[in-house]
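Now for the letters of each chain:
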Amino acid sequence: MCALGAKSSAPLDAIQTQTGSDKLSCPTDVDCDKDPVMTMIRADHVIDSVADALQFISYYHPLDFIQAVNAAYEREESQAARDALAQILINSRMSAMGRRPICQDTGIVTVFVKVGMQVRWDDSGMSLSDMINEGVRRAYTHPDNVLRASILADPAGARKNTGDNTPAVIHYEIVPGNTLDIQVAAKGGGSENKSKMVMLNPSDSIVDWVVKTVPTMGAGWCPPGMLGIGIGGTAEKAAVMAKESLMDPVDIHELKARGPQSTAEELRLEIFEAVNNLGIGAQGLGGLTTVLDVKVKDYPTHAASKPVAMIPNCAATRHAHFILDGTGPALQQPPSLEDWPEITWDAGPNARRVNLDTLTHDEVMSWQPGETLLLNGTMLTGRDAAHKRICDMLNRGESLPVDLTGKLIYYVGPVDPVRDEVVGPAGPTTATRMDKFTEQVLAETGLFAMVGKAERGPAAIDAIKKHKAAYLMAVGGAAYLVAQAIKRARVVAFDDLGMEAIHEFVVEDMPVTVAVDSQGTSVHQTGPAEWAQKIAAKQIA
């Protein structure tokens with residue numbers, strides 16, 4: 001169908017669909033050379049395309065991202081960061097081969113939609129949001145690759161899981177044209193929770209604010225990743241621009257080669273260098289690469305304002321783009337496994353094997369900061385909801401359904417298994433969310449140690465030191481790799497919590513790093529400080 005302008009008086013229903021096509025023909029009194037043909041978009045094409053894209057990005061990293069991580073791996077000098085990057089790359093290849101999620105947190109679906117003004121819809125009776133959400137539901141419940149449902153309704157109250165990861169967060173723009181342009185992303189909670197927003201004074205430095213703010217984000221966003229920065233407009237506009245900028249490919253090195261051509265590009269380069277000079281490194285362990293790219297979008301703003309939003313993308317960066325033109329669904333094309341680097345990694349000769357079934361307090365106290373452990377035996381899992389319920393039960397004087405004495409608890413919400421899997425991808429979640437529970441759990445249950453992602457805060461470190469416990473770190477963004485170490489799994493408590501239920505895992509040689517030892521020494525403090533000094537010394541030299 002053509003756009004109906006002043007020259008046409010033909011009613012909309014007089015424009016007929018061409019035989020065998022979803023393109024619509026023009027009325028005889030419309031100049032089709034000047035008025036583009038309208039497009040009929042079918043609901044099933046939207047649904048199938050969204051579902052396919054979400055399945056695709058659950059196990060395929062964007063190739064530009066893999067290339068950037070591999071380049072960071074090749075130039076990294078910090079052994080701890082290099083080991084983390086190796087595990088991320090190996091996990092990515094394994095996920096691509098097995099078509100199972102890169103990360104156990106398969107994200108909240110975010111969608112950017114550009115609707116052409118010459119688009120028409122079939123008579124399905126569904127809204128476009130309904131079509132997109134039906135695509136999300138089908139993707140997350142696909143029997144061959146079940147994805148984790150993480151979305152909770154009534155967020156300030158009951159926080160009940162919707163069961164199919166709907167609804168998506170959808171942003172619409174009406175644009176000229178006769179196509180439907182859709183970008184989908186699956187955004188993990190660990191990185192989303194580290195989003196920052198500020199209303200700067202017009203004279204304030206954006207670079208200074210970013211450099212001051214990034215260290216406060218910790219490592220829960222699973223660096224190395226990307227920073228999306230939105231500048232201008234209003235508070236909500238800045239945040240949406242920051243998120244949308246993360247849909248763009250990694251191209252910072254091409255920008256450096258050709259040179260900046262705008263203020264936004266100058267900011268990208270300046271922030272990229274400044275953040276990497278902080279020495280935070282992969283997984284916050286200290287190293288040369290903290291960000292792989294920095295994206296900036298801007299928009300005119302009020303004379304009194306300078307809104308700035310910053311949203312990080314994690315090591316499980318996942319997004320896809322497709323355009324519907326009325327000819328059918330747009331399906332993603334699988335990349336070649338030859339595009340992934342061939343990398344091998346092992347824990348090394350100095351790794352210590354630990355038998356969790358015979359673990360003693362003295363052995364826990366002997367673990368050294370930064371030491372690699374290979375865990376064997378039985379551990380329990382528990383994250384936010386389980387910890388809250390445990391502490392509520394302790395406060396009421398009730399017996400717990402599991403005995404934590406002398407045990408390790410793993411902060412994880414695994415993906416459901418498919419086919420012959422013991423458990424689906426089961427990487428760690430951000431440990432700081434459990435900080436407020438740590439003192440009570442250590443004091444009242446006899447727990448020996450915890451396994452999670454990223455750093456611990458001061459309260460948790462103080463509790464660990466007080467009770468001579470330990471905190472161990474597994475690599476975020478390597479969930480499918482970690483799951484290979486889990487040989488048996490079963491739910492043992494709180495099964496009503498879904499993915500947040502307490503599981504019992506039996507593991508073999510599960511690699512972890514001692515991140516906080518019994519003396520309270522944290523490698524997330526010592527590592528970045530050491531590498532910030534090394535980077536500064538190189539620049540002076």
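Provided above is the structure to which this section pertains.
What comes next is a walk through the structure. Just so we're clear, the structure is a prediction, and the values are computed from it rather than from any experiment.

Further remarks concern the overall build of the protein. Along the backbone of the protein there are 15 helices and 19 strands. Here the C-alpha atoms of the protein give a radius of gyration of 25 Å, agreeing with the 24 Å that 2.2 N^0.38 yields for 541 residues. Projected onto its principal axes, the C-alpha positions of the protein cover 90 × 55 × 45 Å. A separation of at least 24 residues holds for 76% of the contacts in the protein among residues at least 6 apart in sequence. By element, 50% of the accessible surface of the protein is carried by carbon and sulfur atoms, the whole surface being about 22,300 Å².

This part takes up helix H2 (residues 63-75). For an α-helix, the turn length of 3.6 residues means that residues three or four places apart are oriented alike. End to end, H2 covers 19 Å across 13 residues, agreeing with the expected 18 Å (1.5 Å per residue, within 8%). Buried residues along H2 sit in contact with helix H3 (79-98), strand E9 (225-232) and strand E10 (291-299).

A word on the sheet that holds strand E6 (residues 169-175). Reading across the sheet, the 4 strands line up as E6-E2-E7-E12 and stay open at both edges, with mixed pairing between neighbours. In this open sheet, the two strands that pair with only one neighbour each are E6 and strand E12 (319-324). Neighbour to neighbour, the strand axes of the sheet diverge by 15° on average, direction disregarded. The pairing of strand E7 (residues 180-187) with E12 spans 6 bridges and is antiparallel. In the sheet register, Leu180 faces E12, and the bridge partner there is Leu324. Along the sheet, helix H7 (residues 235-245) makes contact with strand E2 (108-116), E6 and E7, crossing E2 at roughly 95°.

Extensive coverage of strand E19 (residues 502-516) is indicated by the burial of 11 of its 15 residues. Relative to E19, strand E18 (residues 486-493) runs antiparallel, the two sharing 6 bridges. Across the sheet, residue Ile486 finds its bridge partner in E19, namely Val507.

This brings us to the packing of helix H1 (residues 43-59) against helix H4 (residues 128-140). The contact between H1 and H4 brings their axes to 7 Å, and the two run at 40°. By the criterion of interaxial angle, the relationship of H1 to H4 is oblique. The crossing of H1 and H4 is right-handed. Two secondary-structure elements touch here, H1 through Ala43, Val46, Ile47, Asp48, Val50, Ala51, Leu54 and Gln55 and H4 through Leu128, Met131, Ile132, Glu134, Gly135, Val136, Arg138, Ala139 and Tyr140.

Turning to its location among the elements, Val507 is positioned in strand E19. Under the relative-accessibility criterion, Val507 is labelled buried at 1%. Through-space distance from the C-alpha of Val507 to that of Leu404 is 17 Å; in sequence the pair is 103 residues apart. Contacts of Val507, omitting those with residues within four sequence positions, involve Leu356, Leu375, Asn376, Gly377, Met379, Ala485 and Ile486.

Once that is clear, we can look at the sheet that holds E10. Taken in spatial order, the 4 strands of this open sheet run E8-E11-E9-E10, and their pairing is mixed. Only two strands of the sheet have a single partner each, and these edge strands are strand E8 (196-200) and E10. Across the sheet, the axes of successive neighbouring strands diverge by a mean angle of 15°, strand direction being ignored. Contacts from H7 reach E8, E9, E10 and strand E11 (306-313), with the element oriented near 150° to E9.

Of all 8 residues in E9, 8 are buried, a share of seventy percent or more. The pairing of E9 with E10 spans 8 bridges and is parallel. Residue pairing for E10: Gly232 is matched across the bridge by Tyr299.

With that settled, the discussion passes to the packing of aromatic side chains. Both the distance between ring centres and the angle between the ring planes are used here to describe each pair of aromatic rings. Counted according to the given criterion, the structure contains 4 aromatic pairs. For the ring pair Phe56 and Tyr60, a centre distance of 4.8 Å and an interplane angle of 55° mean the geometry is tilted. One exposure class covers both Phe56 and Tyr60, and it is buried. A centroid spacing of 5.0 Å and a plane angle of 75° characterise the contact between Tyr59 and Tyr60, whose relative ring orientation is edge-to-face. Tyr60 matches Tyr59 in its accessibility class, with the two residues each being buried. Aromatic ring contacts, followed pair by pair, group Phe56, Tyr59, Tyr60 and Trp340 into a single cluster. Its end group placed over the ring of Tyr73, Arg82 keeps NZ or CZ at 4.1 Å from the ring centre.

Next up on the list: the environment of Met241. Checked against the element boundaries, Met241 lands in helix H7. Judged by its relative accessible area of 5%, Met241 falls in the buried class. With 183 residues separating them in the primary sequence, Met241 and Gly424 have C-alpha atoms 34 Å apart. Not counting the four nearest positions on each side in its chain, Met241 is found in contact with Gly230, Ile231, Gly232, Lys297, Asp298 and Tyr299.

What counts, and where the lines are drawn
Residues numbered from 1 in each chain as written. Predicted model: local features only at pLDDT ≥ 70, side-chain atom pairs only at ≥ 80, totals over all residues. Heavy atoms only, no water. Helix = DSSP H or I, 4+ residues; strand = E, 2+ residues; numbered from the N terminus. Rg over C-alpha atoms; globule rule 2.2 N^0.38 Å. Contact = heavy atoms within 4.5 Å. Areas by Shrake-Rupley, 256 points an atom, 1.4 Å probe, with all protein chains shown as cover. Expected span 1.5 Å × (residues − 1). Pairing = 2+ DSSP bridges. Axes fitted to C-alpha atoms, helices over the stretch in contact; angles between N-to-C directions. Buried < 20%, exposed > 50% of the residue type's maximum accessible area, 1.4 Å probe, protein only. Parallel < 35°, antiparallel > 145°, perpendicular 65-115°, else oblique. Left-handed = near helix turned anticlockwise from the far one by under 90°. Phe/Tyr/Trp six-rings, centres within 6.5 Å; stacked < 30°, edge-to-face > 60°. Lys NZ or Arg CZ within 6 Å of the ring centre and 35° of its normal.

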